[in-house]
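# Architecture and fold: a report
The lines below spell out each chain.
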Amino acid sequence: NEPPNYFLCIYLFILKTIRPVSAGFALDLVWLFSCRHTAIVAYGDEFFFGGEGISSCSPGGTMLGPPDTIVELGETEVTEEIFMDYLSSLGETTYRGDRYRLFEHNCNTFTNEVAQFLTGRTIPSYITDLPSEVLSTPFGQILRPILDSIHIAPPGGNVINGGRNL
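Throughout this document, residue positions are counted from 1 along each chain, in the order its sequence is written. Per-residue local features are limited, in this predicted model, to residues with pLDDT of at least 70; the limit for side-chain atom pairs, both in listing and counting, is 80 or more; totals at the level of whole chains, interfaces and linings are taken over all residues. Side-chain numbers come from the whole structure's heavy atoms, not from hydrogens or water.

The next subject is helix 3 (residues 107-119). Counted at 1.5 Å a residue, the expected span for helix 3 with its 13 residues is 18 Å, and the 18 Å between its end C-alpha atoms agrees. Only protein chains enter the calculation, and the probe is 1.4 Å; a residue is then buried if its accessible area is under 20% of its type maximum, exposed if over 50%, and partly exposed in between. The numbering of helices and of strands both runs from the N terminus, where a helix is a DSSP run of H or I of at least 4 residues and a strand a run of E of at least 2. Every buried residue of helix 3 is accounted for by Cys107, Asn108, Phe110, Thr111, Asn112, Val114, Ala115, Leu118 and Thr119. Gly120 sits one or two positions beyond helix 3 and adopts a positive phi of about 85 degrees. For a helix, the expected span equals 1.5 Å multiplied by the number of residues minus one.

Encoded structure:
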């Protein structure tokens, strides 16, 4: 008997509506910083990381709605039970809500790490490289202190803590 395979994908959301006004002109934050929210869809649920920690919901169930893009990751042989134990461990350590950092430790780093656990492959670099590209610009460095204080937690999910949905 072969073990069952579970289909996986990434939901990619482009946060187009966030537009600050600075020096008399609007800056499109889609370019300015990592305004790409990602979540991984596995075992019939969407899992993501934000300022509340690791959360889950039905696919497309946050206020962000359906994703702008779906990136197929393929399949995994990791069972749902092992996956939930893994998320529980991450939620108690590496991916607690207080560890969220917009540029260095965000939804995209979470999705990348979980994708590697499930498939052995990373998510596309155009998603993971954007924060460093922005921070390498003078304007990115000027805005960094303000942007570092932002904690994004898309409403609509159930926070995972110790393997339980709260």
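It is generally the case that most residues other than glycine have a negative phi and that most peptide bonds are trans. Positive phi is not limited to glycine here, since Tyr43 has a value of about 55 degrees. Along the polypeptide, Tyr43 turns up in the loop between strand 4 (36-42) and strand 5 (45-50).

Below, the discussion takes up the packing of aromatic side chains. Here the aromatic set is Phe, Tyr and Trp, taking the six-membered ring for Trp, and pairing holds for ring centres within 6.5 Å; pairs whose planes are under 30 degrees apart are stacked, those over 60 apart are edge-to-face, and all others are tilted. This model, assessed by the stated rule, comprises seven aromatic pairs. When the ring of Phe49 is compared with that of Tyr100, the centres are 5.6 Å apart and the planes differ by 50 degrees; the resulting orientation is tilted. Of the two residues, Phe49 is situated in strand 5 and Tyr100 in the loop between helix 2 (80-92) and helix 3; the sequence distance between them amounts to 51 residues. In terms of burial, Phe49 and Tyr100 fall into one category: buried. Connected via pairs of aromatic rings, a cluster forms that spans Phe49, Tyr95, Tyr100 and Phe110.

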